[in-house]
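Take a look at the letters that make up each chain.
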Amino acid sequence: MRRPIIAGNWKMHKTVGEAVEFVRSLLTALRDVEGVEVVVCPPAVALKSVGDLLKGSAIGLGAQNMHWEEQGPFTGEISPKMLVDVGCRYVILGHSERRQHFGESDAAVNKKVHAALRWGLIPIVCVGERLEERQAGRTDAVIQTQLKESLAGLDSQEMARVVIAYEPVWAIGTGLPATGEEANRVSGLIRRTLAEWFGEGTAQQVRIQYGGSVSPQNISEFLAQQEIDGALVGGASLHLESFSTIVRAACRKASSSS
Ligand code: 13P
């Protein structure tokens, strides 16, 4: 049984003060949560303060990006060593906003995935097609290429630790999520593809999240799908009420299937 994982990607939201206040409330709101991995991914400047608050709690800390080198002349970048140092256990890699606005390639994502695993971080690797790719009937090919290039060179033990987030780009921040059925179909494709490359046993261990306009209203539709093991939540992760409701929905799934 795969353990559901709900991660909040705050993107470029919340000052350090706001982040700390939010996480204090979240710790209280979610203190009895069991059976679900909960992760918050604040902006880099808030990682240390939030990490200190989360120490010893059941909520994990994730970064939204990182460089693959340990240190060096990479102005503006943050290394895996630095993320580990402030208490990160997770790192989102290859988010479509990084691909779109910062030219991040599958090859760069691949270096980051290897670096994250070397440093003991759990990479949350984002894949997803753009609207024009979907309209051209290229969804499956796009996803398979992203997987192939970003996961190149991993062995099956490493692969089992990776979380894949299926985030169709057209569903992000639009209020127009994929249907549960379609998200499940693509997640199934992802799992079958991983099974071909890494073996069925490994593919069955990999958690696949859905992301893109996830809300308290639609989370159950995604969690009800066989191939979907959680969500990567943007906008709805910024508010206590909506994020806690989403986490509680995942708890119900975890307790009903254990
Ligand atoms: P929204 O939930 O705001 O659509 O964002 C999804 C996302 O990009 C999470 O990484």
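Read on for a plain summary of the structure. (Residues numbered from 1 in each chain as written. Predicted model: local features only at pLDDT ≥ 70, side-chain atom pairs only at ≥ 80, totals over all residues. Heavy atoms only, no water.)

Below, the discussion takes up the overall build of the protein chain. Check the secondary structure of the protein chain and you find twelve helices and eight strands. For a compact globule of 258 residues, the expected C-alpha radius of gyration is about 18 Å, and the protein chain comes in at 17 Å, within 12% of that figure. By residue count, 55% of the 258 residues in the protein chain fall in the buried class. Taking the intrachain contacts of the protein chain between residues at least 6 apart in sequence as the baseline, contacts between residues at least 24 apart amount to 73%. Just so you have it, the protein chain exposes about 11500 Å², and 51% of that area is on carbon and sulfur atoms. Looking at charge distribution, the protein chain has the averaged site of its 27 positive side-chain charges lying 3 Å from that of its 29 negative ones. (Helix = DSSP H or I, 4+ residues; strand = E, 2+ residues; numbered from the N terminus. Rg over C-alpha atoms; globule rule 2.2 N^0.38 Å. Buried < 20%, exposed > 50% of the residue type's maximum accessible area, 1.4 Å probe, protein only. Contact = heavy atoms within 4.5 Å. Areas by Shrake-Rupley, 256 points an atom, 1.4 Å probe, with all protein chains shown as cover. Lys, Arg positive; Asp, Glu negative; His and termini not counted. Charge placed at Lys NZ, Arg CZ, Asp CG, Glu CD.)

Formed by 70 residues in total, the largest nonpolar core has its most connected members in I6, L151, M159, I164, I190, L194 and Y210. I5, V163, A165 and L232 belong to the second-largest nonpolar core, a separate cluster that totals eleven residues. (Core = buried A, V, L, I, M, F, W, Y, C linked by side-chain atoms within 4.5 Å.)

Two side chains carrying opposite charge are able to pair once their charged atoms lie near each other. Across all of its chains, the model carries 19 salt bridges by this definition. Between R191 and D229 there is a salt bridge, with its nearest N and O atoms 3.0 Å apart. With R191 in helix α9 (residues 180-198) and D229 in the loop between α11 (219-223) and β8 (230-233), this residue pair connects regions lying 38 residues apart in the sequence. One exposure class covers both R191 and D229, and it is buried. One salt-bridge network, held together by shared partners, links E129, R134, D140, E182 and R185. (Salt bridge = Lys/Arg side-chain N within 4 Å of Asp/Glu carboxyl O.)

A few words now on the pairing of strand β1 (residues 5-9). Of all five residues in β1, five are buried; the element is thus mostly enclosed. Every second residue of β1 is oriented toward a common face, with I5, A7 and N9 on one face and I6 and G8 on the other, all of them buried. Sheet topology note: the β1/strand β2 (residues 37-41) ladder contains five bridges and is parallel. Pairing of N9 across the sheet is with C41, part of β2. As for the winding sense of the linkage, the β-α-β connection from β1 through helix α1 (residues 16-29) to β2 is right-handed. For β1 and β8, the ladder comprises four bridges, and the chain directions are parallel. Counted as the bridge partner of I6 is A231 from β8. (Pairing = 2+ DSSP bridges. Right-handed = clockwise from strand over helix to strand, strands pointing away.)

Once that is clear, we can look at the layout of surface pockets. Considered as a void within the structure, the largest pocket measures approximately 550 Å³ in volume. Lining the largest pocket are 20 residues, with K11, Q64, N65, R98 and F102 sitting closest to its centre. By residue number, the principal contributor to the lining of the largest pocket is helix α4 (residues 96-102), which donates four residues. Split into classes, the residues belonging to the lining of the largest pocket amount to nine nonpolar, seven polar and four charged. In this structure, the second largest pocket encloses a volume near 290 Å³. (1 Å grid on protein atoms, 1.4 Å probe; cavity = no way out; pocket = protein on both sides within 12 Å on 5 of 7 lines; lining within 4 Å. Points joined across faces, edges and corners; volume = space filled by probe spheres on them. Nonpolar A, V, L, I, M, F, W, Y, C, P; charged D, E, K, R; others polar.)

Before going further, it helps to spend a moment on the environment of L30. If you trace the backbone, L30 turns up in the loop between α1 and β2. Separated by 29 residues in sequence, L30 and I59 have C-alpha atoms that sit 8.8 Å apart. In this view, L30 contacts V38, I59, S244, V247 and R248; residues no more than four positions away in its chain are not counted.

All right, on to the packing of helix α7 (residues 139-150) against α9 then. Running from N to C, α7 and α9 point in directions that differ by 45°, and their axes come no closer than 11 Å. Of the possible angle classes, the one that applies to α7 and α9 is oblique. Like other packed secondary-structure pairs, α7 and α9 cross with a definite hand, here right-handed. Across the interface between the two elements, T139, D140, I143, Q144, L147 and K148 of α7 pack against R185, V186, L189, I190, T193 and W197 of α9. Within the contact of α7 with α9, the residues separate by chemical class into six nonpolar, three polar and three charged. (Axes fitted to C-alpha atoms, helices over the stretch in contact; angles between N-to-C directions. Parallel < 35°, antiparallel > 145°, perpendicular 65-115°, else oblique. Left-handed = near helix turned anticlockwise from the far one by under 90°.)

This part takes up the site of the ligand. Close contacts around the ligand come from 13 residues, with K11, H95, G173, S213 and G235 the closest. The contact in question runs from an oxygen atom of the ligand to an N or O atom on the backbone of G173, over 2.6 Å. Its residues assigned to classes, the shell around the ligand comprises four nonpolar, seven polar and two charged. (Near = heavy atom within 4 Å. Polar contact = N/O pair within 3.5 Å; in protein donor to acceptor, adjacent residues only side chain to side chain.)

Our next topic: the sheet that holds strand β6 (residues 163-166). Taken in spatial order, the eight strands of this closed barrel run β1-β2-β3-β4-β5-β6-β7-β8, and their pairing is parallel. Averaged over all pairs of adjacent strands, the angle between their axes in this sheet comes to 25°, without regard to strand direction. Pairing of strand β5 (residues 122-127) with β6, which is carried by four bridges, proceeds in the parallel orientation. Opposite I124, over in β6, you have V163 as the bridge partner.

Taken by themselves, the reported measurements are silent on function.
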